[in-house]
Amino acid sequence: MSRIPNIVVVLIGIIFSSCDGMFEGIYDEPVAEQQSEFGFKNTTMIPATEDMPAYSRGWLYVKTVEYTEWTYIHFDSKTFVSADVHEEYDGDWDIAIHRYEVKTNGGKVRKTDYSDFNTMLNKTHLEPGEYKEDVWTTDKVAIDLSGILDFDVKFLETYCSTEIDWVEVIYPPYPPTYKNHDKIFIIKLNNGNRIGIRLENYVNNNGVKAYLTLEYIYPFPLEEK
Amino acid sequence: MRKLLVLIISTLIYTNAIAQPNTDSLDVLRNVDMEQVVVTATRTPRQLKAVPIVTRVIGNMDIKRMDATNVGNLLESEMPGVEFTYAMNQQQQLNIQGFGGSSVLFLIDGERVAGETHDNVDYQRLNMSNVARIEIVKGAASSLYGSQAIGGVINILSQDATKPWAVNVNAKTGSIGEQRYNATISIRKDKIRSTMSAAREIAECIRLPREGVFEKIYANNVWNFKERLKYIPTDNITITARASYFFREMESSAVIFNRYRDFAGGIKGEWKIAEGQNAELSYSYDQYDKSDYTVASRLDIRDYSNVQHTIRGLYNYTFQGKHTFTIGGDYMRDYLLTYQFVNGGSFYQHMADAFAQLELTLPRDWQIVGGTRFDYYSDTKLKHVSSKVSFMKKLGNISLRGYYAGGFKAPSLKELYTSWNMQNMFMIYGNTHLRPEVSHNYSVSVEYQHQNANMLLNVFHNVVTDRISLIWSRAHNGMLYDNANKVDISGLDACVSTRWASGIGGKLAYTYTYESVLSGEPLVSSTRPHMVSLRVDYDKRWQKYGINTSLTGKILSATDAGEYTANTGFKEVETIHYSAYTMWKLLITQRIVNAISVTATIDNLFDYIPEYFHTSSPATIGRTYSIGLSVDIEELWK
């Protein structure tokens, strides 16, 4: 019984030290993202072989959180620039991404059945497939969701690829659910080059959505026959 | 699985045929044990037959017989008028005759449960291992339990160690990949009773067979640990300490898993001061956290934490051997950190209350109970008084009961301070001008108890004003917590149950619920007006063998509910028709040498699948099978 006061003291100590909860240390802190983390990463140049021309393979990490921006990407120069959706972008670009929507600079897109570049590159050639041009859309690129509760969403009228459906956002009900289609897309540019691209992830390290990690191959080396 | 079923039924028939009943040792469950002591309705121990407010009890035998994993499974099977469906992000939401999760107070050993998602507690943390019984009091109980008990109280009471030592291990696996493992160790020695349990549940992702607003049921992994230690230093003093840890991981997408944790503990002292006088003092801690685990980065970042510290005192005084006066009070500090506050910030508030209740046993078998409670909330300076009065009159085997109870629900920190941009889509705002939700609950019931049968008819009417709802606000251009107009919820529930010495038993229950709102207002509840539940079972034991076969079913009528859909926006609702459906479950439990139980279950026996999975449709893929094994190791030594 003489120990009871000690127990009470310890208990009171625990109570006062845990007013706002305990075990905070079991969780991770959000990591601050540096601007230098975005862009083209880990690019590897693969030299030409007897069967295949040279190509580069790597990763691209872009932030597409803002509904009012396109992120323009140019694969030759390995550059990316974000610009307001209403501005005319006059730099070089191959594709542009808005949230999860993609438009091409006069290119065409085909969706393959492959999800893995290594499997694809083990082939001697790629089966023929249909490339589709961007189409004029009035209800795909949402730029103002302030009226979403009235389903009064403002969309940008723009050309946009309807082939690239790597993330499907489904709502209602709320919160939206995200369906991830893990496929490789081949984008044929108007200069004749092709890009092989797939979405690896659409959240950042902290779990925030619309941070895209893309794996790409450029120029895409497999013949289609 | 069909072969398995045939095998089980064949075994059952065979063993039943060869076993000779030991009529001397029949251990048949009594129909309803009216002698058992319950505590929830009056906060004083009372025999069930003497409680002036209708109390339903789901006992330990029922829990074992249903092989339920959590309180949701059990309530749906055992309680008429209960439906669990999915809310957003596949969090379970409850509807008990028109009252949702925010209006029903869940308690574990009399203590509140922290944390909520879409106004419902995490039912999966309410694990059924080591539960002695569940007491359910429908109707407002705010005069004893304060805020949130507008629709009723569900109190989950833990089991004491009853043997010098006992070890139970059990496991269950099913046709849709679900698994459950559980171990409980209890010790009773001198002045110590200890019960420790560990449970693990695994549910795989299930793709739904038809179209709907959701297309799959997410995978869930659950861990649950509980320890309860009781020390009885003298005949007059009992000290109970408890601690528990709960962890759940839901794979809601390929890139992010939602994690839920709960850390709870407490200590309670009970002092029998003198004959007819006892007092309790308790401290309770409950912390419910949510975090998001990002698969690629392996970061587990917390974005929600609800921490509740509660101190409670209770004193009971029985005078003249038949009247009881109860007085008590609580203090609670409620802390909430959530991603729904500005910059993921936090708020806290203090709550204090005092309550008193007088139970008078009058001549001619009359009992009258009156009680009142004063609540104070520091943040809103809210002061509220709730009162109740109830009576019971015994007429031979018939008990007549009636009561009025006032209920209230104080605005929660979430409802007061939310300011959340839902995924860059729209804003949800809290409202510091919210008034408390208030209810007036009237009920009368008649109960007939016979040796083999029990019949109950209960009629109720509730008027709920200033309902706290999330509604569209043009001024805010977003969703806003606000007080909505009143709703009337009326209904009845009728139940007939019986059990015979032959081992045959059954229960038939019917509930009717009618909700009405002001003309022109949307009725967004999906309460089904008619629900019927039925159970037929056969329970028999011989010296070294026992069998329990149970067929349970429920029939739910169709209903039309107003819902916000893609066709309507949030300013008006679309009428969604929910079809009537029926769901049946067959359980066969065989108990061998009084130590080993094997339970085979066929769930959704008649293979019901909704035509379309609306928000409140039952999330079923059709008929499923499971088999469970339970071993009481100490019994193997006997």
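Residues numbered from 1 in each chain as written. Chains lettered and ligands numbered in written order. Predicted model: local features only at pLDDT ≥ 70, side-chain atom pairs only at ≥ 80, totals over all residues. Heavy atoms only, no water.

Along the backbone of chain A there are 2 helices and 15 strands. Sorting the 225 residues of chain A into buried and exposed places 44% on the buried side. Considering only residue pairs separated by 6 or more positions, chain A has 56% of its internal contacts joining residues 24 or more positions apart. For chain A, the computed accessible surface area is about 11600 Å², with 49% contributed by carbon and sulfur atoms. (Helix = DSSP H or I, 4+ residues; strand = E, 2+ residues; numbered from the N terminus. Buried < 20%, exposed > 50% of the residue type's maximum accessible area, 1.4 Å probe, protein only. Contact = heavy atoms within 4.5 Å. Areas by Shrake-Rupley, 256 points an atom, 1.4 Å probe, with all protein chains shown as cover.)

A separate point is the overall build of chain B. Helix and strand counts for chain B stand at 6 helices and 40 strands. Here chain B has a C-alpha radius of gyration of 24 Å; the compact-globule value for 638 residues is 26 Å, and the two agree. Overall, chain B is about 75 × 65 × 45 Å in size when its C-alpha atoms are taken along their principal axes. With 638 residues in all, chain B has 57% of them scored as buried. Here the contacts in chain B between residues at least 6 apart in sequence split such that 60% fall between residues at least 24 apart. (Rg over C-alpha atoms; globule rule 2.2 N^0.38 Å.)

Let's shift gears to the environment of K225 of chain A. Residues and elements named next belong to chain A. By secondary structure assignment, the location of K225 is in the segment after β15 (209–218). For the pair formed by K225 and L126, sequence separation is 99 residues and the distance between their alpha carbons is 6.3 Å. Beyond its immediate stretch of four places on either side in the chain, K225 contacts H125, L126, E127 and P128.

Residue and element names in this part refer to chain B. Among the 7 residues in strand β10 (residues 152–158), 6 count as buried, and that is most of the element. As judged from the 7 bridges shared by strand β9 (residues 131–138) and β10, these two strands associate in the antiparallel manner. The partner of R133 across the bridge, within β10, is L157. (Pairing = 2+ DSSP bridges.)

This paragraph deals with helix α3 (residues 71–78) of chain B. In an α-helix, one turn spans 3.6 residues; hence positions three or four apart end up facing the same way. Residues and elements named next belong to chain B. Listed in full, the buried residues belonging to α3 are V71, G72, L74, L75 and E78. Angularly, the buried residues of α3 cover 165° about the axis, an arc narrow enough to put them on a single face. Near the N-terminus of α3, the side chain that reaches the backbone nitrogen of G72, with its oxygen 2.9 Å away, is that of N70. (Arc of directions from axis to C-beta. Polar contact = N/O pair within 3.5 Å; in protein donor to acceptor, adjacent residues only side chain to side chain.)

Two strands in a sheet stick together by hydrogen bonds in their backbones, pointing the same way (parallel) or opposite ways (antiparallel). Taken in spatial order, the 3 strands line up as β4-β5-β6 (chain B) in an open sheet, and their pairing is antiparallel. Looking along the sheet, the strands with just one partner apiece sit at the ends: β4 (82–86) and β6 (99–100) of chain B.

Residues and elements named next belong to chain A. The antiparallel open sheet is built from 4 strands, whose spatial order is β4-β3-β5-β6. With one partner strand each, in any of the chains shown, β4 (79–84) and β6 (101–104) form the two edges of the open sheet. Neighbour-to-neighbour, the strand axes of this sheet turn through a mean angle of 25°, independent of strand direction. Two elements, strand β5 (residues 95–98) and β6, share 4 bridges in a ladder whose sense is antiparallel. By the bridge assignment for β6, I97 is matched with V102. (Axes fitted to C-alpha atoms, helices over the stretch in contact; angles between N-to-C directions.)

The next point concerns the packing of aromatic side chains. What the rule picks out here adds up to 33 aromatic pairs over all chains. Ring centres of F38 of chain A and Y61 of chain A lie 5.0 Å apart, and the angle between their planes is 15°; this geometry places the pair in the stacked category. Placement of F38 of chain A in the loop between α1 (4–17) and β1 (39–46) and of Y61 of chain A in strand β2 (residues 55–63) is noted, with a sequence separation of 23 residues between them. Comparing F38 of chain A with Y61 of chain A shows no difference in burial state: the two are buried. Where F257 of chain B meets Y293 of chain B, the ring centres are 6.2 Å apart and the plane angle is 35°; that geometry is what we call tilted. Taken together, the positions of F257 of chain B in strand β18 (residues 256–274) and Y293 of chain B in strand β19 (residues 277–294) put the pair 36 residues apart, joining distant regions of the chain. (Phe/Tyr/Trp six-rings, centres within 6.5 Å; stacked < 30°, edge-to-face > 60°.)

Attention now moves to the side chain of D262 of chain B. Position of D262 of chain B relative to the elements: it lies in strand β18. There is a polar contact of 2.9 Å between the side chain of D262 of chain B and the side chain of R125 of chain B.

Below, the discussion takes up the pattern of salt bridges. All names here are of chain B. All chains considered together, the criterion is met by 51 salt bridges over all chains. Linking E359 and R46 is a salt bridge whose minimum nitrogen-to-oxygen distance equals 2.9 Å. One end of the pair, E359, is in strand β22 (residues 346–362); the other, R46, is in strand β2 (residues 46–47), with 313 residues separating them in the sequence. Given a relative accessible area of 1%, E359 falls into the buried group. (Salt bridge = Lys/Arg side-chain N within 4 Å of Asp/Glu carboxyl O.)

What follows is about a nonpolar patch on the surface. Residues and elements named next belong to chain B. A cluster of nonpolar side chains, namely L395, I398, L400, V444, V446, Y448, M455, L457, V459, V496 and L508, defines an oily patch on the protein surface of about 810 Å² accessible area. Looking at the nonpolar patch, the elements with two or more residues in it are β25 (398–409), β28 (437–449) and β29 (453–465). With respect to the helices and strands, the residue M455 is situated in strand β29. (Patch = residues over 30% accessible without salt bridge, like charges linked within 9 Å, V, L, I, M, F, W, Y side chains within 5 Å.)

Attention now moves to the confidence of the model for chain B. Residue and element names in this part refer to chain B. On average, residues of chain B score 87 in pLDDT, and 91% of them are at 70 or above. Scored below 50 in pLDDT, residues 3–31 shows 46 contacts in the model against residues more than four places distant or in partner chains. Here the predicted complex scores 0.88 on pTM and 0.83 on ipTM. (pLDDT = per-residue confidence, 0-100.)

Residue and element names in this part refer to chain B. Of all 8 residues in β9, 8 are buried, a share of seventy percent or more. As defined by bridge partners, strand β3 (residues 55–59) adjoins β9 across 5 bridges and the pair is classed as antiparallel. Residue pairing in the sheet places R56 in a bridge with I136 of β9.

Residues and elements named next belong to chain B. Among the structural elements, V137 can be located in strand β9. Considered as a pair, V137 and R56 are 81 residues apart in the sequence and their alpha carbons are 6.6 Å apart. What V137 contacts, discounting residues up to four positions off in sequence, is T40, A41, I53, V54, T55, G152 and V153.

Another aspect to go through is unusual backbone geometry. Between Y218 of chain A and P219 of chain A the backbone carries a cis peptide bond, its omega angle lying at -15°. The topology assignment puts P219 of chain A in the segment after β15. Of note, D190 of chain B is a non-glycine position whose phi angle comes to about 50°, a positive value. For D190 of chain B, the location among the structural elements is in the loop between β12 (179–189) and β13 (192–203). Exposure remark for D190 of chain B: the relative accessible area of 67% places this residue in the exposed category.

A few words on the confidence of the model for chain A. Looking at chain A, pLDDT values average 87 and 88% of them are 70 or higher. The lowest-confidence element of chain A is α1 of chain A, averaging 63 in pLDDT; the highest-confidence one is strand β13 (residues 185–188) of chain A, averaging 96.

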